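Survey of secondary and tertiary structure
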Amino acid sequence: MAEVLRRAVSGRLLYFFVLGDILGAGVYVLVGSIAGAVGGAVWVPLVTALALAALTAGSYAELATKYPRAGGSAHYATRAFGGAAGSLVGFCMLAAGIVSVGALARAFAGDYLGALVSVPTVLVVVVFLAALAALNIRGIRESLRANAVATCVELGGLVVVIVLGAWVVLRGDADPARLTQVDTGSGVFSAVLAGTVLAYYSFVGFETSVNLAEEVRDPRRSYPRALFGALATVGVVYLLIGLVTSASVPTDRLASSSGPLLEVVRVAGGVPEWLFSLVALVAVANGALLTGIMSSRLAYGMARDGLLPAPLGRVLPVRRTPWVAALTTSGASLVLALTGEVETLATTLVLLLLVVFLAVNAAVPALRRDPGDGDHFRVPTVVPVLGIGSCLLLVTRVEPGTWLRGSVLLGLGLVLAAVNALRRRTAHKQPV
C-alpha cells in the first residue's frame, strides 16, 4: 500500500509558500536584465508576464483541486496523455527544480555573501545544501514556517526599495520620463517580448505549490485562494519595483548591474549596503528551500506513480517526509552547483518550464470529462487555450544557446519516458 503524506499545511502557510517562491531571487537580479532588453519601461514586461503567468496558474488551480496529488504536473500529464508524457513532464519539472537549487546555491556563495565575509565557494555550497536537505527532511511544517519568516524578510527588502525609490522621486532626483522609453532597435513588440521572457522567470514558482496539494488541508478551498492571492500580491509589488527602479536609476546603469535593486539603495542613501545584501541572501536561501521542497515532493510523487525508482517513494516513519527523495535531489543539485556557473545553470529553466506549462494547459481540456476526486475549482475553457498560446509565443523568444543546452535535458527526459513505456508494455504482456 502506498505511503501517504501528512496534511499539515494550512491555507495561510500555502499562501506564504507561493508568495515566497515567486518572490525569490529572480526579482533581486533580473530587473537590470529586463531594462537591458526593453529600456526604461521595465514595468511593461512585468505586467505582461503577470498576465501570461495567470493563464497557466488558472490551469494549475483547476487540476490541483481536481487531483490533489504530490506528483503535480507529472500526474496531470499522465492522466491526460499517458505514462510517457507524464514521465517527460515530470522529468522536465524535476530537472528544472534541481538545476534551480544548484544555481541558487551557487548564487548564495557569490557577490552578496562576498560583501559580508570571504568563504570558499565549495564550502559554502556544501554547507548550504546540507542545511537545506536537513530542514526539508525535518518536516514540511518546519520548512514552511521558516519560509514564512524568510518571505517577510525578502518582502520587507522589496518594500524598502519601493520606499527609497519613491523618496528619490519626491526629492526630484528621478527621471519619470524613462518609464515610457522602449528600446526600438529591434522593434517595440520584440523588445517588450524579450523583456517578458525574462520577467516571466520572476513569476514562476507558483507551479511548485501543486506538489503540496496532498499535504494541504481542504485543498479545493484553500489552494485557489492562496495561489491567486499570492500572484496578486506579487503583481503589485513587482509593478512598483519596476516603476521606482527605472525612474530612480539610469537605464544603462540599471542594465549593467548584477544587483539592480542595490543601485536604488545607493542612489537613495540612508540604508547600509551590507544590510540589503543580507536581505538578498535571505531571498536566495528561501527560493532554494522552497524549490528543494518541490523537487523532493515531485520525485516522491513520480516514484509512487512508477515513473522513477521505488526507493524515492520512501518516507520517514514518524515525520512522514520523503527523506530519500530529499537527499537524492539535494545531492544532484550539489553536483550541478560545483560544476557550473549561475548563468549556465539558470538559462535552461525557462525552456524546461515552458514545456511543462504547455502540457499542463493542454491537460485541462483533455481531462474535462473526468470528474476527478469530486467538486473542484474550474476555469473558463478559453483560459487553458490562451495559456497554450502564451507558452508557444514565449518559446519563440528562447535563444539558440538555451535550446542547445535544454535539448540535452529534454533528450534525457525522452529516454526516461521510453524506458517507462517499455516497462509498462512488458508488465502488461506478462501472464498473471
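Everything below is about the structure printed above this text.
Here is a short report on the structure shown in this document. Per chain, residues are indexed from 1 in the order of the written sequence. Predicted model: local features are reported for residues with pLDDT of at least 70 only, side-chain atom pairs are reported and counted for 80 or more only, and whole-chain, interface and lining totals are derived from all residues. Hydrogens are left out, water is left out, and the side-chain values use all remaining heavy atoms of the structure.

Remarks on the overall build of the protein chain
Runs of H or I in DSSP of at least four residues are treated as helices and runs of E of at least two as strands, each being numbered from the N terminus. Assigned secondary structure in the protein chain consists of 18 helices and zero strands. Here the term buried applies to any residue with accessible area under 20% of the maximum for its type, exposed to any over 50%, and partly exposed to those in between, with areas from a 1.4 Å probe on protein chains only. Residues classed as buried in the protein chain amount to 54% of the 432 residues present. Any two residues whose heavy atoms approach within 4.5 Å are treated as being in contact. Considering only contacts within the protein chain whose residues lie at least 6 apart along the sequence, 85% involve residues at least 24 apart. Summing over all exposed atoms, the protein chain offers an accessible surface of approximately 17,200 Å²; the carbon and sulfur share of this is 67%. Surface accessibility in these figures is a Shrake-Rupley result with a 1.4 Å probe; residues are shielded only by whichever protein chains are displayed.

Looking at the packing of aromatic side chains
By convention, a stacked pair of Phe, Tyr or Trp rings (six-membered ring in the case of Trp) has centres within 6.5 Å and planes under 30 degrees apart, an edge-to-face pair has planes over 60 apart, and any other such pair is tilted. Enumeration according to the criterion identifies eight aromatic pairs in this entry. Here Tyr 28 and Phe 276 contribute two aromatic rings whose centre-to-centre distance is 5.9 Å and whose plane-to-plane angle is 40 degrees, an arrangement assigned as tilted. Here Phe 276 lies in helix α13 (residues 273-304) and Tyr 28 lies in helix α2 (residues 25-38), a separation of 248 residues in the sequence. Plain terms: the ring middles of Phe 206 and Phe 357 are 5.7 Å apart, the flat faces sit at 20 degrees to each other, and that makes the pair stacked. With Phe 206 in the loop between α9 (188-203) and α10 (219-248) and Phe 357 in helix α16 (residues 349-366), this pair connects stretches of sequence that are 151 residues apart. One aromatic cluster is present, formed by Tyr 60, Tyr 200, Phe 206 and Phe 357 through successive ring pairs.

Overview of helix α5 (residues 83-108)
Given a helix with a known number of residues, its expected span is that number minus one, times 1.5 Å. Between the first and last C-alpha of α5 there are 37 Å, a value that for 26 residues agrees with the 38 Å anticipated at 1.5 Å per step. Judged by how many residues are buried, α5 sits mostly within the fold: 22 of 26 residues are covered.

Remarks on a nonpolar patch on the surface
Every patch collects residues that have over 30% relative accessible area and no salt bridge, joining them within 9 Å if they carry like charges and within 5 Å if they are nonpolar side chains (Val, Leu, Ile, Met, Phe, Trp, Tyr). Think of a salt bridge as a Lys or Arg side-chain nitrogen and an Asp or Glu carboxyl oxygen that are within 4 Å of each other. Residues Leu 116, Val 117, Val 119, Leu 123, Val 127, Trp 274, Leu 275 and Leu 278 make up a contiguous nonpolar surface patch of about 670 Å² in total accessible area. Of all the elements in the fold, those that place two or more residues in the nonpolar patch are α7 (121-138) and α13. As for its placement among the helices and strands, Leu 116 is situated in the loop between α6 (111-114) and α7.

A closer look at the side chain of Thr 245
Mapped onto the elements, Thr 245 comes out in helix α10. Among the residues examined, Thr 245 registers a relative accessible area of 0% and is labelled buried. Of note is the side chain of Thr 245, whose polar atom sits 2.6 Å from the backbone oxygen of Ile 241. Discounting residues that sit within four places of it in the chain, Thr 245 has contacts with Val 31, Val 161, Leu 254, Leu 261 and Val 264. Under the rule applied, a polar contact is a pair of N or O atoms within 3.5 Å (in protein, one hydrogen donor and one hydrogen acceptor; residues adjacent in sequence only if both atoms are side-chain atoms).

Some points on the pattern of salt bridges
Evaluated as defined, the whole model comprises seven salt bridges. A salt bridge links Arg 79 to Asp 370, with the nearest nitrogen and oxygen atoms 3.0 Å apart. Highlighted residues: Arg 79 in helix α4 (residues 73-81) and Asp 370 in the loop between α16 and α17 (382-395), separated in sequence by 291 residues. The class for Arg 79 is partly exposed, based on a relative accessible area of 39%. Across the salt bridge formed by Arg 171 and Asp 173, the nearest N and O atoms sit 2.6 Å from each other. Under the relative-accessibility criterion, Arg 171 is labelled partly exposed at 32%. Look at Asp 173 and you get partly exposed, because its relative accessible area is 47%.

Focus: empty space enclosed by the protein
Of the two site types, the cavity is a set of points on a 1 Å grid over the protein atoms alone where a 1.4 Å probe fits but cannot get out, and the pocket is an open set with protein on both sides within 12 Å along at least five of seven lines, each lined by residues with an atom within 4 Å of a point. Grid points are joined across faces, edges and corners, and a volume is the space filled by probe spheres set on the points. As enumerated under the stated definition, the model contains one cavity of 30 Å³ or more in all. Size it by volume and the largest cavity reaches roughly 40 Å³. Val 101, Leu 132, Asn 136, Gly 292, Ser 295, Ala 326, Thr 329, Ser 330 and Ser 333 are the residues that line the largest cavity. Broken down by secondary-structure element, the contributors of at least two residues to the lining of the largest cavity are α7, α13 and α14 (323-339). Ranked by residue count, the leading element in the lining of the largest cavity is α14, at four residues. Classifying every residue of the lining of the largest cavity gives three nonpolar, six polar and no charged. Polar here means any residue other than Ala, Val, Leu, Ile, Met, Phe, Trp, Tyr, Cys and Pro, which are nonpolar, and Asp, Glu, Lys and Arg, which are charged; Gly is therefore polar.

Focus on the side chain of Ser 59
Looking at the secondary structure, you find Ser 59 in helix α3 (residues 43-66). The contacts of Ser 59, once residues within four sequence positions are left out, are Val 360, Asn 361, Val 364 and Pro 384.

A few points about the packing of α5 against α13
Throughout, an axis means a line fitted to C-alpha atoms (over the contacting stretch in the case of helices), and angles, computed between N-to-C directions, take values from 0 to 180 degrees. The N-to-C vectors of α5 and α13 enclose an angle of 155 degrees; their axes lie 9 Å apart at closest approach. Of the possible angle classes, the one that applies to α5 and α13 is roughly antiparallel. In the crossing of α5 with α13, the sense of the turn from one axis to the other is left-handed. Along the contact surface, α5 presents Ser 87, Gly 90, Phe 91, Met 93, Leu 94, Gly 97, Ile 98, Ser 100, Val 101, Leu 104, Ala 107 and Phe 108, while α13 presents Leu 281, Val 284, Ala 285, Gly 287, Ala 288, Thr 291, Gly 292, Met 294, Ser 295, Leu 298, Ala 299 and Met 302. Taken together, the residues that form the contact of α5 with α13 break down as 16 nonpolar, eight polar and no charged. Working rule for angles: under 35 degrees goes down as roughly parallel, over 145 as roughly antiparallel, 65 to 115 as roughly perpendicular, anything else as oblique. When the near helix sits turned anticlockwise from the far one by under a right angle, the crossing is termed left-handed; a clockwise turn instead gives a right-handed crossing.

Quick look at the nonpolar core
The tendency in soluble globular proteins is for nonpolar side chains to be buried as a group. Residues enter a nonpolar core if they are buried and are Ala, Val, Leu, Ile, Met, Phe, Trp, Tyr or Cys, with the set joined through side-chain atoms within 4.5 Å. The biggest cluster of nonpolar side chains holds 126 residues, and the ones touching the most others in it are Tyr 28, Tyr 60, Tyr 200, Phe 206, Tyr 238, Ile 241 and Phe 357. Considering each element in turn, this core owes the most residues, 15 residues, to α13. In contact with Tyr 60, not counting residues within four places along its chain, are Ser 73, Tyr 76, Phe 206, Glu 207, Val 210, Tyr 223, Val 356, Phe 357 and Val 360.

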